[in-house]
Amino acid sequence: MPPSAAQPGRLDLLQIDDQLTADERLVRDTVRSYTADRVLPHIADWFEAGTLPRELLPELGKLGLLGMHLTGYGCAGMGAVAYGVACRELEAADSGLRSVVSVQGSLAMYPIWRYGSDAQKDEWLPRMAAGEAIGCFGLTEPDHGSDPGGMTTKAVPNAGGWVLSGAKMWITNGSIADVAVVWASTPEGIRGFLVPRGTRGFTARSIHKKMSLRASVTAELHFDEVKLPADAVLPGVSGLKGPLSCLSEARFGIAWGVTGAARTCLEVAVEYARTREQFGRPIGGFQLTQGKLAWMLADLTRAQLLALHLGRLKEAGQAKPEQVSLAKMANVRAAIDIARQARTILGANGITLEYPVIRHANNLESVLTYEGTEEIHALTVGQALTGLPAFR
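For the structure given in this document, a descriptive report is provided here. (Residues numbered from 1 in each chain as written. Predicted model: local features only at pLDDT ≥ 70, side-chain atom pairs only at ≥ 80, totals over all residues. Heavy atoms only, no water.)

**Concerning the nonpolar core**
A general trend in soluble globular proteins is that nonpolar side chains are found buried together. Of all hydrophobic cores here, the largest spans 65 residues; its most connected members are L60, M109, M128, W183 and W256. Here this core takes ten residues from helix α5 (residues 95-115), the largest share from any one element. Apart from residues no more than four positions distant in its own chain, L60 is found in contact with Y34, L65, L66, L90, L97 and V101. Core analysis: the second largest hydrophobic core is formed by 33 residues, A269, A273, L293 and A335 among them. (Core = buried A, V, L, I, M, F, W, Y, C linked by side-chain atoms within 4.5 Å. Buried < 20%, exposed > 50% of the residue type's maximum accessible area, 1.4 Å probe, protein only. Helix = DSSP H or I, 4+ residues; strand = E, 2+ residues; numbered from the N terminus. Contact = heavy atoms within 4.5 Å.)

Written out as structure tokens, the structure is:
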């Protein structure tokens, strides 16, 4: 079944979307219509080619999806649930598409919006909200992923500014970004810096031969004694709380987004089971297949309810990092399990790009480990339960 033929409402057995406001349903329908027209007819080809057209960014900007949960500077100022719904519908098309929007809004725009100077906000946020400028988030390093506090990228003060040296790895949008938000160790602690594209000593190289998130640009960044002015630093934060607060914003979007990927896989599996015949009847009429589908729906429904509840907590100002970790951990695992079960229902057809299942399954393998591995989120939840840290 072509992905564009899917009917998501049929799988909403508990009528969860009825809990959305009129504005949230409008976001849902707008993004779903956009992806059906602009993305789904091409996404398998983009995935196979390992590309995502840059011209999508201005289109997403016109829809108000870039930094949509931020206020001012051309941002839509929507609520957390509306942002989550947008992430869900984007990832129902492809995780790479949702990653572009998530990185732009939550990891690049958010730190400028929350911690930047007025001049930095005025310079970057309106263009980023419009999709005219692209941002990336430089935290992960080749030797420091789950332990960002051990970063070796350094910025040292010099006469009238800073000198930045080091490297960052697995950076979404890195080689197409107009500005990189780079976190570095300084004598004052960890600080964030804005590094524009083209700054001398700053290079970005795309990472190829990926088998996951292929419809997304991933890069490694290198900083060879990059000289930055004094006003390149984000003045409003120091320490790990800066990048970690950005990650909480992005992880919230992931907890919603993966329910879209899971939903697409279940939709395709249901339709395939209704039409694929073996032993003289549709395979959906066999008990083993119906058992798989029922548990897939149960997992999806739990994930959707978790995401919605977390969104309402966030809107009330009550969401905590450990709650976001629980949602990211649980929902990604549920989505991967659903994708893998869908692949078994489709048999050999499940491994071709004619159907979206293997594409989603491969993408979710990246989502499982980026922005906090499943193990790190489990330790965060474990510490919340026991009061005992187990990271070291």
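**Re the pairing of strand β2 (residues 154-158)**
Pairing analysis gives five bridges linking β2 to strand β3 (residues 161-172), with the strands arranged antiparallel. Within β3, the residue paired with N158 across the bridge is G161. In this structure, the hairpin formed by β2 and β3 is closed by a connection of two residues, where G160 is found at a positive phi of approximately 80 degrees. (Pairing = 2+ DSSP bridges.)

**Quick look at the packing of α5 against helix α7 (residues 241-275)**
With their axes 9 Å apart at the nearest point, α5 and α7 run at an angle of 150 degrees to one another. When the interaxial angle is binned, α5 and α7 end up roughly antiparallel. Remark: the crossing between α5 and α7 carries right-handed chirality. For the pair α5 and α7, the contacting residues are R98, S102, S106, L107, Y110, P111, R114 and Y115 in the first and K241, G242, S245, C246, L247, E249, A250, G253, I254 and G257 in the second. Per-class residue counts for the contact of α5 with α7 are eight nonpolar, six polar and four charged. (Axes fitted to C-alpha atoms, helices over the stretch in contact; angles between N-to-C directions. Parallel < 35°, antiparallel > 145°, perpendicular 65-115°, else oblique. Left-handed = near helix turned anticlockwise from the far one by under 90°. Nonpolar A, V, L, I, M, F, W, Y, C, P; charged D, E, K, R; others polar.)

**A look at the layout of surface pockets**
The volume enclosed by the largest pocket comes to roughly 1300 Å³. Surrounding the largest pocket, 42 residues form its lining, G145, L247, R251, E371 and G372 being those nearest its centre. Of the volumes computed, that of the second largest pocket is approximately 340 Å³. Surrounding the second largest pocket, 21 residues form its lining, Y110, S248, E249, K314 and A319 being those nearest its centre. At the level of secondary structure, the elements contributing two or more residues to the lining of the second largest pocket comprise α4 (80-93), α5, α7, α8 (287-315) and α9 (321-346). Grouping the amino acids of the lining of the second largest pocket by side-chain chemistry returns ten nonpolar, six polar and five charged. (1 Å grid on protein atoms, 1.4 Å probe; cavity = no way out; pocket = protein on both sides within 12 Å on 5 of 7 lines; lining within 4 Å. Points joined across faces, edges and corners; volume = space filled by probe spheres on them.)

**Observations concerning empty space enclosed by the protein**
All chains considered together, the criterion is met by one cavity of 30 Å³ or more. For the largest cavity, the calculated volume is near 40 Å³. Taken together, L52, P53, R54, L57, V100, N173, I176 and V217 make up the lining of the largest cavity.

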